[in-house]
Protein chains: 2
Amino acid sequence: MLEALRIGMLGFGTVGRGVADLLLNHPDLLANRAGIPLRLVRIATRNPERDRGLALGSVEVTGNVHRVVDATDLDVVVELIGGIIPTRDLVHRALESGKHVITANKALIAEYGPDLFALAHSKGVQLGIEAAVAGAVPIIKTLRESLAGNRIDSVYGILNGTCNYILTEMRAKGLPFARVLADAQAKGFAEADPSFDIDGIDAAHKLAILSAIAFGTPLDYGRILKEGIRHVSETDIAWANEMGYRIKLLAMSRLREGLMEMTVRPVMVPVGSMVAAVEGVFNAVFVHGDYAGTTMYHGRGAGERPTASAVVADLMDLARDLRAGAKERVPSLSVPVHHLRTLPIQSAAQRQGSFYIRMAVVDRPGVLAEITAILARHAISIDAIHQKGRSPVEAVPLVMVTHESTEERITQALIEIEQLDSVREPPRSIRIEAGLA
Amino acid sequence: MLEALRIGMLGFGTVGRGVADLLLNHPDLLANRAGIPLRLVRIATRNPERDRGLALGSVEVTGNVHRVVDATDLDVVVELIGGIIPTRDLVHRALESGKHVITANKALIAEYGPDLFALAHSKGVQLGIEAAVAGAVPIIKTLRESLAGNRIDSVYGILNGTCNYILTEMRAKGLPFARVLADAQAKGFAEADPSFDIDGIDAAHKLAILSAIAFGTPLDYGRILKEGIRHVSETDIAWANEMGYRIKLLAMSRLREGLMEMTVRPVMVPVGSMVAAVEGVFNAVFVHGDYAGTTMYHGRGAGERPTASAVVADLMDLARDLRAGAKERVPSLSVPVHHLRTLPIQSAAQRQGSFYIRMAVVDRPGVLAEITAILARHAISIDAIHQKGRSPVEAVPLVMVTHESTEERITQALIEIEQLDSVREPPRSIRIEAGLA
C-alpha cells in the first residue's frame with residue numbers, strides 16, 4: 001500500500017499557489033480524510049526564485065519541468081500551466097510515464113481530451129479534471145457519480161464569471177460593454193486579451209466537457225455554436241429589463257428528440273428564474289435528469305482558493321482510490337470510451353424558440369409595413385412590438401418579440417430587413433429562454 | 001470479479017417504487033456507467049400482491065423480510081421502510097450478514113448511526129446514506145469527497161420541503177399556518193401526523209448527519225436546538241416582508257471559535273439572499289469551506305423519483321467500488337471513526353445575533369417605557385421599533401428589531417416582559433440571520 005500520495009506540480013501562478021497553500025495548510029485534515037498523507041514534493045515553474053509568501057519547507061521548487069514530468073518519485077502531476085503549448089506535450093509525457101495527472105486546463109481537455117483520456121486509460125492512470133469546469137463547484141463528480149442513475153436531457157448554466165460579471169455590471173450601472181470590460185480588466189476580473197472569455201470560447205470549452213460526460217458523447221468542442229457578448233449593448237440590457245428578462249451568457253447542451261443543441265450565447269432569461277439570480281463572478285450549473293429533476297450547483301468559478309479546492313478534491317479522490325486499491329473506478333467521461341456515441345446536432349432550421357429583435361429604423365410611414373411583410377413571408381409571427389421615441393432625422397429603436405419560430409427563419413428575415421433603406425444598423429436578435437429553472 | 005450487483009429491497013412504497021422503476025428502466029445506462037449490471041433480485045413488502053404498475057419481470061416480490069435480510073444471494077440491501085422499528089434490527093442483520101446497506105432513513109441514521117457505521121466498518125461493508133438528506137441533492141458525496149480539501153465552518157440550508165412549502169404558501173397567500181397545513185396535507189405535501197416535519201425533527205435528523213460529516217464529529221442528534229414552525233404567524237410573515245426578510249426554517253451548523261452552533265428554527269433572512277430564494281418544496285444546502293468559499297446545492301428534497309436518484313447514486317458507487325476492487329474507499333463520516341472528535345456547543349449566553357421581537361400590548365401611556373426599561377436592564381439595544389394601529393380597548397402589535405445581543409438575554413427579557421399587565425400574549429422572537437449567502 002502507498003505510504004503517501006507524492007505530488008508534483010507544473011506551474012506556480014495563482015492557482016498553483018492556492019494548491020500549494022492548501023496542501024501545506026491542511027496536512028492532518030487531508031491525511032485523516034484520505035487515509036494517507038498528500039505530500040507536495042516538487043513544483044516546476046518559470047520563476048523558481050519568486051517569493052510566493054508560502055512556507056514551503058521541504059518542497060523543491062525547480063525551473064526544470066522534466067524534474068516533474070519525467071520524475072520517478074511522484075505518483076501524480078498537477079498541471080496548472082494552462083494553454084496548449086507546451087502543456088499538451090508535458091501532460092502526454094507525464095501520463096506516458098505512468099503518472100496520474102490532474103489539470104484545471106479546460107482548453108487542453110476540450111481540444112485534446114480524447115487522446116489524453118485514451119492514453120490515461122491505456123496506462124491505467126487517472127486524468128482528473130474537476131478544476132477545469134466551474135472552479136469550486138463539483139459538477140464533474142456530480143455528473144459522473146451523483147447523477148449516474150439519470151438519463152440527462154439538459155445541462156446548462158453560467159460557466160464564465162468574467163462575462164457574467166460584465167453583464168451584471170452593465171445592468172446594475174447602465175454602462176456600455178467597453179467601459180465595463182475596461183473596468184473588469186483593471187480589477188483583474190478580465191484578461192488583457194479578453195477574447196477567450198468574452199467571445200464564449202472559455203465557456204464552450206467547459207460546455208464541451210460537461211456535454212460529453214452528461215450525454216456519453218465523444219468530446220467535440222468544434223460542434224458548439226458560439227456567440228460572445230461583444231454585441232450586447234446597454235440598450236439590449238435596458239429592453240430586457242423592461243420586459244422582465246436578464247441577459248446572460250448561457251452555455252447549454254440539450255437533447256431533444258435525439259438531436260443535440262449545444263450553444264454558448266447571450267440569451268434572455270426571466271427575472272424570477274434561478275439562472276437570472278446568478279450574479280457577478282459566480283458560476284452555476286443546472287442539470288435536468290429524468291429522476292432527479294433539475295438540480296443546481298452554485299459557487300465561485302475561478303480564483304486561487306476555489307480552484308485549489310477542486311484540484312485537491314481530485315487529489316483526495318486519487319489518494320482514496322490508491323489507498324483502497326481501486327483502479328479506474330469511474331471512467332473519465334462517465335462510460336468507457338467504446339460506449340461513447342456521437343449524437344446528431346440540431347440545424348438552425350430545427351432550433352426553435354422565440355426571439356427578441358432590435359432594429360434602428362427611420363421613423364417614417366410604411367417602415368413597419370415593410371418589416372412586418374418580410375417577417376410574415378418567413379412565417380414569423382410577432383408576440384409584442386415596442387417603439388420608443390420619435391425623431392424626423394435620427395433612427396429610433398424598434399423592438400419586437402417573436403412567437404416560436406426557427407432560428408433559420410429569423411436569420412433569413414434579418415438579412416432581408418437589413419437591406420431596407422429605412423433600417424440603419426444590422427438588426428440584432430437574442431434568443432429568449434423562458435422555460436429554464 | 002463481480003458479475004452483477006445483486007440488489008434486495010426492503011419496502012415497496014413510494015420511494016421503493018421509484019428505485020425499482022429506475023433500475024428496470026435504465027439497465028444498459030447503469031451497466032455501461034458502472035461497468036457491471038445492477039440487478040434487482042428481490043423486494044420484501046407488506047403488500048406483495050399490490051400492483052405498482054411496474055413490469056417487474058424476474059424480480060421476486062415477497063412478504064417475508066428475511067428473504068432479503070438473511071439472503072445469501074444478494075450483495076446489497078436497500079432499506080426503504082423508514083422508522084426505527086423494526087428497521088433498525090433489519091439493517092443490523094443485513095450488515096451482520098456481510099451485505100452492504102443503502103438507506104434513505106434519516107431518523108435511523110441520526111439516532112443509531114454510530115452503532116450501524118461501526119458495525120458496517122467491522123464487517124467491511126458500506127452503509128450508503130445519500131438519499132437520507134435532501135433527496136436528489138448530492139450533498140453527502142459533496143461534503144465527503146468534493147469538499148474534502150476544505151476545513152468547513154458552516155453548513156446550512158432548507159432541509160424540510162414541507163415546512164418550506166407551508167412558509168412559502170403562508171407568505172404568497174397571506175394565510176394562517178393551520179389553513180396552509182391542512183391544504184398541504186390534502187395535497188400530500190404533509191403527513192397526517194405532521195409533527196416530524198413541522199416541529200423540526202426531520203430537519204434536525206438531516207442536520208445531525210450533515211454536521212457529523214462536515215465537522216468530523218460523532219453523530220449527535222440530541223445536541224441540536226430545535227424549534228418548529230407552529231408558532232410562526234401570518235403577522236410575523238407580514239412583518240418580515242415589510243422589513244425586507246423572509247422567514248425560513250433554517251437548519252444550521254456553524255463553528256465559531258471552537259464552539260458549535262447547531263440549530264433548526266425559523267429565522268429571518270434577507271429577501272435578496274439565495275436562502276430566501278429557495279421556495280416551495282425545494283431543498284438547498286449551503287456549505288462554507290475555507291478554500292471553496294460558499295457553494296450551494298439545490299433540488300427536490302423528496303419524492304419518488306428524486307429520492308430514487310439518490311439511492312441509485314449509492315448503488316452505482318457501490319457497484320463501481322466492487323468492480324474496481326475498492327474497499328472502504330471513503331469513510332462514512334468522512335474520517336475514520338477514531339478520528340471523530342466532539343466539539344463543545346455554544347450556550348444560549350454565547351449565541352449572539354439580532355432578533356425580531358413581536359408583542360401584543362395595550363395602547364396606553366407608559367407601556368413602551370416599561371418594556372424598554374426591561375430591555376435596557378438586559379443590555380439589549382434596539383435597532384428599530386414599529387407600532388401599527390391604535391385601539392383604546394384591544395391589544396396592538398409592537399415590533400422591535402434588536403442590535404446584536406445574546407439569546408440568553410433576549411429570553412430573560414421576554415420572560416419579564418410577559419409579566420407586564422400591559423402585555424397580552426407571550427412575546428415572540430425570531431433570530432435574524434443577515435449574513436447568509
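Keep in mind that this is a model prediction, so the values were computed, not measured. Numbering of residues starts from 1 in every chain and runs along the sequence as written. Each chain gets a letter, beginning with A, and each ligand a number, beginning with 1, in the order they are written. Side-chain atom pairs in this predicted model are given and counted only at pLDDT of 80 or more, local residue features only at pLDDT of at least 70, and totals for whole chains, interfaces and linings cover all residues. As a rule here, side-chain values cover all heavy atoms of the structure and leave hydrogens and water aside.

Trainee: Lay out the overall build of chain A with the relevant residues and their values.
Mentor: Helix and strand definitions follow DSSP, with helices as H or I runs of at least four residues and strands as E runs of at least two, each counted in order from the N terminus. Within chain A, the regular secondary structure consists of 14 helices and 17 strands. Referenced to the eigenvectors of the C-alpha coordinate spread, the extents of chain A come out at roughly 80 × 45 × 35 Å. By the convention used here, residues are in contact when the closest approach between their heavy atoms is within 4.5 Å. Long-range contacts, defined as pairs at least 24 residues apart, comprise 74% of the intrachain contacts of chain A with a sequence gap of at least 6. Using the Shrake-Rupley algorithm and a 1.4 Å probe, accessible areas are obtained, with residue cover drawn only from the displayed protein chains. Approximately 16500 Å² of chain A is accessible, and the part contributed by carbon and sulfur atoms is 50%. Positive charges are assigned to Lys and Arg, negative charges to Asp and Glu, while His and the chain termini are left out of the count. A single reference atom marks each charge: NZ on Lys, CZ on Arg, CG on Asp, CD on Glu. Side-chain charges of chain A comprise 47 positive and 50 negative groups, with the mean position of each set lying 3 Å from the other.

Trainee: Hey, could you go over the sheet that holds strand S6 (residues 127-128) of chain A for me, with residue numbers and the actual values?
Mentor: Residues and elements named next belong to chain A. A pair of strands is treated as paired once DSSP finds two or more bridges between them. Strands sit in the order S3-S2-S1-S4-S5-S6 across an open sheet of 6 strands; the sheet is parallel. One side of each edge strand has no neighbouring strand; the edge strands of this open sheet are strand S3 (60-62) and S6. Relative to strand S2 (residues 38-44), strand S1 (residues 5-10) runs parallel, the two being bridged by 6 bridges. What sits directly across from Ile 7, in S2, is Leu 40. In this analysis, axes come from line fits to C-alpha atoms, helices being fitted only over the stretch in contact, and the angle between any two N-to-C directions falls in the range 0 to 180 degrees. Sheet contacts for helix H12 (residues 304-324): S1, S2, strand S4 (76-79), strand S5 (100-103) and S6; angle to S5, the most-contacted strand, approximately 160°.

Trainee: Now, about the interface of chain A and chain B: what can you tell me, with residues and values included?
Mentor: Taken together, the contacts link 55 residues of chain A with 55 residues of chain B. Here's the idea: put two parts together, see how much 1.4 Å probe accessible area each one loses, and the total over both is what we call buried area. Between chain A and chain B, a total of about 4800 Å² is buried, with carbon and sulfur atoms accounting for 49% of that surface. Ranking the residues of chain A by area buried against chain B places A:Arg33, A:Tyr291 and A:Arg329 at the top, with a combined share of 18%. The term salt bridge refers to a pairing of a side-chain nitrogen on Lys or Arg with a carboxyl oxygen on Asp or Glu at a separation within 4 Å. A salt bridge links B:Glu145 to A:Lys141; its shortest N-O distance comes to 2.5 Å.

Trainee: Mind laying out the side chain of B:Arg265, listing which residues take part and the relevant values?
Mentor: Residue and element names in this part refer to chain B. As for its position among the elements, Arg 265 is in strand S10 (residues 259-270). Partly exposed residues are those whose accessible area sits between 20% and 50% of the maximum for their type, while under 20% is buried and over 50% is exposed, using a 1.4 Å probe and protein chains only. The exposure class of Arg 265 is buried, given its relative accessible area of 6%. Within the local environment of Arg 265, its side chain forms a polar contact with the side chain of Glu 407, the two groups lying 2.8 Å apart. Setting aside residues up to four positions removed in sequence, Arg 265 forms contacts with Leu 225, Glu 227, Lys 248, Leu 249, Leu 250, Arg 351, Glu 407 and Arg 431. A 3.5 Å cut-off defines polar contacts: any pair of N or O atoms within that distance qualifies, except that in protein one atom must be a possible hydrogen donor and the other a possible acceptor, and neighbouring residues in sequence count only when both atoms are side-chain atoms.

Trainee: So what's going on with the relation of the copies chain A and chain B? Which residues, and what values?
Mentor: The transformation that overlays chain A on chain B combines an axial shift of 0.0 Å with a rotation of 180°, and the residual RMSD is 0.0 Å. Taken together, the rotation angle and the small translation identify this as a two-fold axis. When the interface residues of chain A are mapped onto chain B, 100% of them are again interface residues, pointing to one common binding face. Superposition of the copies was done by least squares, using only C-alpha atoms of residues whose pLDDT is at least 70 in both.

Trainee: Mind laying out the packing of helix H5 (residues 106-123) of chain A against helix H10 (residues 201-215) of chain A, listing which residues take part and the relevant values?
Mentor: Residue and element names in this part refer to chain A. Where H5 meets H10, the closest approach of the two axes is 9 Å, and the angle between their N-to-C directions is 55°. When the interaxial angle is binned, H5 and H10 end up oblique. Between H5 and H10 lies a crossing whose hand is left-handed. Residues Lys 106, Ala 107, Ile 109, Ala 110 and Glu 111 of H5 touch H10, and the partners they reach there are Asp 202, His 205, Lys 206, Ala 208 and Ile 209. Residues are grouped as follows: nonpolar covers Ala, Val, Leu, Ile, Met, Phe, Trp, Tyr, Cys and Pro; charged covers Asp, Glu, Lys and Arg; every other residue, Gly included, is treated as polar. Looking at the contact of H5 with H10 residue by residue, the class counts come to 5 nonpolar, 1 polar and 4 charged. Any angle that falls under 35 degrees is termed roughly parallel, while one over 145 is termed roughly antiparallel, one within 65 to 115 roughly perpendicular, and all others oblique. Less than a right angle of anticlockwise turn of the near helix away from the far helix marks a crossing as left-handed, whereas a clockwise turn marks it as right-handed.

Trainee: Would you mind going over the domain arrangement of chain A in detail, with residue names and values included?
Mentor: Residues and elements named next belong to chain A. Bear in mind that the domain bounds are from an automatic or database domain assignment. The assigned domain composition of chain A is domain 1 (5-135 + 304-337), domain 2 (139-299) and domain 3 (352-432). Taken together, the contact between domain 1 and domain 2 spans 21 residues of the former and 22 residues of the latter. Taking both partners together, domain 1 and domain 2 bury about 1700 Å²; carbon and sulfur atoms supply 66% of that area. Taken together, the links from domain 1 to domain 2 amount to 2 salt bridges. Salt-bridge contacts for Glu 145 lead to Arg 329; the nearest nitrogen and oxygen are separated by 2.9 Å. One can count 7 residue pairs in polar contact (both at pLDDT 80 or more) joining domain 1 with domain 2. Its residues assigned to classes, the side of domain 1 that touches domain 2 shows 13 nonpolar, 3 polar and 5 charged.

Trainee: If you had to explain the nonpolar core to someone new, which residues and values would you point to?
Mentor: Only buried residues count toward a nonpolar core. Its members are Ala, Val, Leu, Ile, Met, Phe, Trp, Tyr and Cys residues joined through side-chain atoms within 4.5 Å. Core analysis: the biggest nonpolar cluster contains 171 residues, and A:Ile139, A:Ile166, B:Ile139 and B:Ile166 have the highest contact counts within it. Excluding anything up to four places from it in sequence, B:Ile166 contacts B:Phe177, B:Val180, B:Leu181, B:Ala184, B:Ile198 and B:Ile229.

Trainee: Tell me about unusual backbone geometry, and name the residues and values.
Mentor: Residue and element names in this part refer to chain A. Cis geometry is found at the peptide bond from Ile 85 to Pro 86, where omega equals 0°. As for its position among the elements, Pro 86 is in the loop between S4 and helix H4 (87-96). Backbone geometry at Glu 328 places phi at a positive 45°, although glycine is not the residue there. Relative to the helices and strands, Glu 328 is located in the loop between H12 and strand S13 (352-362).

Trainee: Now, about helix H14 (residues 407-419) of chain A: what can you tell me, with residues and values included?
Mentor: Residues and elements named next belong to chain A. Here a helix's expected span is defined as the number of its residues, less one, multiplied by 1.5 Å. Between its first and last C-alpha, H14 extends 19 Å over 13 residues, near the 18 Å set by a 1.5 Å rise per residue. Turning to H14, its buried residues number three or more, namely Glu 407, Ile 410, Ala 413, Leu 414 and Ile 417. Down the axis, H14 shows its buried residues gathered within 125° of arc, on one side only. This arc describes the spread of directions from the helix axis toward the C-beta atoms.

Trainee: Provide a residue-level description of the pattern of salt bridges, including the pertinent values.
Mentor: Per the stated rule, a full pass over the model turns up 66 salt bridges over all chains. Put simply, A:Arg428 and A:Glu227 hold a salt bridge, and the shortest N to O gap is 3.7 Å. With a gap of 201 residues between them, A:Arg428 in strand S17 (residues 428-432) and A:Glu227 in the loop between strand S8 (225-226) and helix H11 (234-242) connect regions that are remote in the sequence. Within this structure, A:Lys141, A:Glu145, A:Asp317, A:Asp321, A:Arg329, B:Lys141, B:Glu145, B:Asp317, B:Asp321 and B:Arg329 form a network of salt bridges that share partners.

Trainee: Pulling in residues and values, what's your account of the sheet that holds strand S3 (residues 60-62) of chain B?
Mentor: Residue and element names in this part refer to chain B. Here we have 6 strands laid out as an open sheet, ordered S3-S2-S1-S4-S5-S6, and parallel in their pairing. The open sheet has two edge strands with one neighbour each: S3 and strand S6 (127-128). Docked against the sheet, helix H12 (residues 304-324) engages strand S1 (5-10), strand S2 (38-44), strand S4 (76-79), strand S5 (100-103) and S6, running at close to 160° with respect to S5.

Trainee: Summarise the packing of aromatic side chains; cite the residues concerned and give the values.
Mentor: Ring geometry is summarised as follows: Phe, Tyr and Trp rings, the Trp one being its six-membered ring, pair when their centres sit within 6.5 Å, and such pairs are stacked at plane angles under 30 degrees, edge-to-face over 60 and tilted between the two. For the coordinates displayed, the defined rule picks out 5 aromatic pairs over all chains. Pairing A:Tyr165 with A:Phe189 gives two aromatic rings, centres 4.7 Å apart and planes at 75°, and the pair type is edge-to-face. Taken together, the residues A:Tyr165 in helix H7 (residues 161-173) and A:Phe189 in the loop between helix H8 (177-187) and helix H9 (195-198) connect sequence positions 24 residues apart. We classify A:Tyr165 as buried; its relative accessible area is 7%. A:Phe189 sits in the partly exposed class, given a relative accessible area of 35%. The positively charged end of A:Arg305 is found above the aromatic ring belonging to B:Tyr291, 3.9 Å away from the centroid. A ring has a charge above it when a Lys NZ or an Arg CZ is no more than 6 Å from the ring centre and no more than 35 degrees off the ring normal.

Trainee: With reference to specific residues and values, describe helix H6 (residues 139-146) of chain A.
Mentor: With 8 of 8 residues buried, H6(A) lies mostly within the body of the structure. Considered for burial, the residues of H6(A) that qualify are A:Ile139, A:Ile140, A:Lys141, A:Thr142, A:Leu143, A:Arg144, A:Glu145 and A:Ser146.

Trainee: Summarise the environment of A:Glu96; cite the residues concerned and give the values.
Mentor: All names here are of chain A. For Glu 96, the location among the structural elements is in helix H4. Given a relative accessible area of 40%, Glu 96 falls into the partly exposed group. Put simply, Glu 96 and Val 287 are 191 residues apart on the chain and 34 Å apart in space, counted from C-alpha to C-alpha. When sequence neighbours within four positions are dropped, the list of residues in contact with Glu 96 reads Leu 119 and Lys 123.

Trainee: An account of the confidence of the model for chain A is requested, with residue identities and associated values reported.
Mentor: Predicted coordinates in areas of low pLDDT are best not read in detail. Put simply, chain A has an average pLDDT of 95, and 100% of its residues get 70 or more. As a predicted assembly, this complex carries a pTM of 0.97 together with an ipTM value of 0.96. Summary of the metric used: pLDDT quantifies the predictor's per-residue confidence within the range 0 to 100.

Trainee: Give a description of the environment of A:Arg46 that names residues and reports values.
Mentor: Along the chain, the position of A:Arg46 falls in the loop between S2 and S3. Spatially, the C-alpha atoms of A:Arg46 and A:Ile158 are 33 Å apart, while their sequence positions differ by 112 residues.

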